[in-house]
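Spelled out, the chains give:
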Amino acid sequence: MGWLGGSTKDKSAYHMTEEDFKMVKINHTATLNLLSSAFELCNKKCVNTSGDVDAVTRIEGICIDKCLAKFFVMMPKINEICQEHQQRNAK
């Protein structure tokens with residue numbers, strides 16, 4: 001079952017062209033990659049890997065939360081810059 005309850009194989013349920021569907025899929029993959037990278041960077045910044053503790057401490061968790069929050073605050077600006085760059089290159 002796909003997003004919004006429709007079949008992932010039935011693209012017509014979303015009233016999208018094949019090209020629209022491909023773009024959504026590309027954007028979805030890019031977003032997942034970006035989130036994964038952000039979490040990895042915040043994890044490296046915040047989590048002490050030199051100790052024997054397997055769990056994230058409270059302080060490390062707060063650090064990760066703040067790091068990811070900054071990332072999400074910056075996302076609209078990053079998207080704006082990327083769109084401007086694409087528009088300049090399309091001309």
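The rules we used
- Residues numbered from 1 in each chain as written.
- Predicted model: local features only at pLDDT ≥ 70, side-chain atom pairs only at ≥ 80, totals over all residues.
- Heavy atoms only, no water.
- Helix = DSSP H or I, 4+ residues; strand = E, 2+ residues; numbered from the N terminus.
- Buried < 20%, exposed > 50% of the residue type's maximum accessible area, 1.4 Å probe, protein only.
- Contact = heavy atoms within 4.5 Å.
- Areas by Shrake-Rupley, 256 points an atom, 1.4 Å probe, with all protein chains shown as cover.
- Core = buried A, V, L, I, M, F, W, Y, C linked by side-chain atoms within 4.5 Å.
- Expected span 1.5 Å × (residues − 1).
- Bend = angle between axes of the 7 residues up to and from the residue.
- Disulfide = S-S within 2.5 Å.

As recorded in an unreviewed UniProt entry, the protein chain goes by Protein transporter tim10 and comes from Entomophthora muscae.

S.K.: Hey, could you run me through the overall build of the protein chain in this one?
M.R.: Along the backbone of the protein chain there are two helices and zero strands. Per-residue burial over the protein chain gives 14% buried out of 91 residues. At a minimum sequence separation of 6, the contacts of the protein chain that also span at least 24 residues come to 30%. As displayed, the protein chain has an accessible area near 7900 Å², and 60% of this comes from carbon and sulfur atoms.

S.K.: How do you make sense of the nonpolar core when you look at a structure like this?
M.R.: Nonpolar side chains tend to gather and get buried jointly when the protein is soluble and globular. Ala-38, Cys-42, Cys-46, Val-47, Ile-64, Cys-67, Leu-68, Phe-71 and Met-75 together form the largest nonpolar core, which totals nine residues. Listing elements by their share of this core, those giving two or more residues are α1 (18–46) and α2 (58–90). Among the elements that line this core, the one with the most residues is α2, at five residues. The contact partners of Leu-68, leaving out residues within four places of it in the chain, are Ala-38, Phe-39 and Cys-42.

S.K.: Explanation requested: the environment of Ile-64 in the structure shown.
M.R.: Residue placement: Ile-64 occurs in helix α2. In this structure, the C-alpha to C-alpha distance between Ile-64 and Val-47, residues 17 residues apart in sequence, is 8.1 Å. The residues touching Ile-64, leaving out its near neighbours within four places in the chain, are Phe-39, Cys-42, Asn-43, Cys-46, Val-47 and Val-56.

S.K.: Please clarify how α2 should be interpreted in this entry.
M.R.: Count 3.6 residues to each turn of an α-helix, and residues three or four apart come out pointing the same way. Under the 1.5 Å per step criterion, the end-to-end length of α2 is 47 Å for 33 residues, consistent within 8% with the ideal 48 Å. Taken as a whole, α2 carries its principal kink of about 40° at Met-75; the proline Pro-76 stands between one and four residues after it. Here α2 has its buried residues at Glu-60, Ile-64, Cys-67, Leu-68, Phe-71 and Met-75. Turning to α2, the residues buried within the fold contact α1.

S.K.: Please clarify how the state of the cysteines should be interpreted in this entry.
M.R.: Where two cysteines share a covalent bond between their sulfur atoms, that bond is called a disulfide. Under the counting rule described, the total for this entry stands at two disulfides. There is a disulfide in this structure between Cys-42 and Cys-67, and the S-S distance comes to 2.0 Å. Taking the sign of the S-S torsion, about -75° here, the bridge from Cys-42 to Cys-67 comes out left-handed. With Cys-42 in helix α1 and Cys-67 in helix α2, the pair connects residues that are 25 residues apart, well separated along the chain. By the burial criterion, Cys-42 is buried, and Cys-67 matches it. Paired by a disulfide, Cys-46 and Cys-63 hold their sulfur atoms 2.0 Å apart. Here the disulfide of Cys-46 and Cys-63 is left-handed, its torsion about the S-S bond being about -65°. With Cys-46 in helix α1 and Cys-63 in helix α2, the pair connects residues that are 17 residues apart, well separated along the chain. The class of Cys-46 is buried, set by a relative accessible area of 10%. Taken in N- to C-terminal order, the disulfide-linked cysteines of the protein chain are connected 1-4, 2-3.

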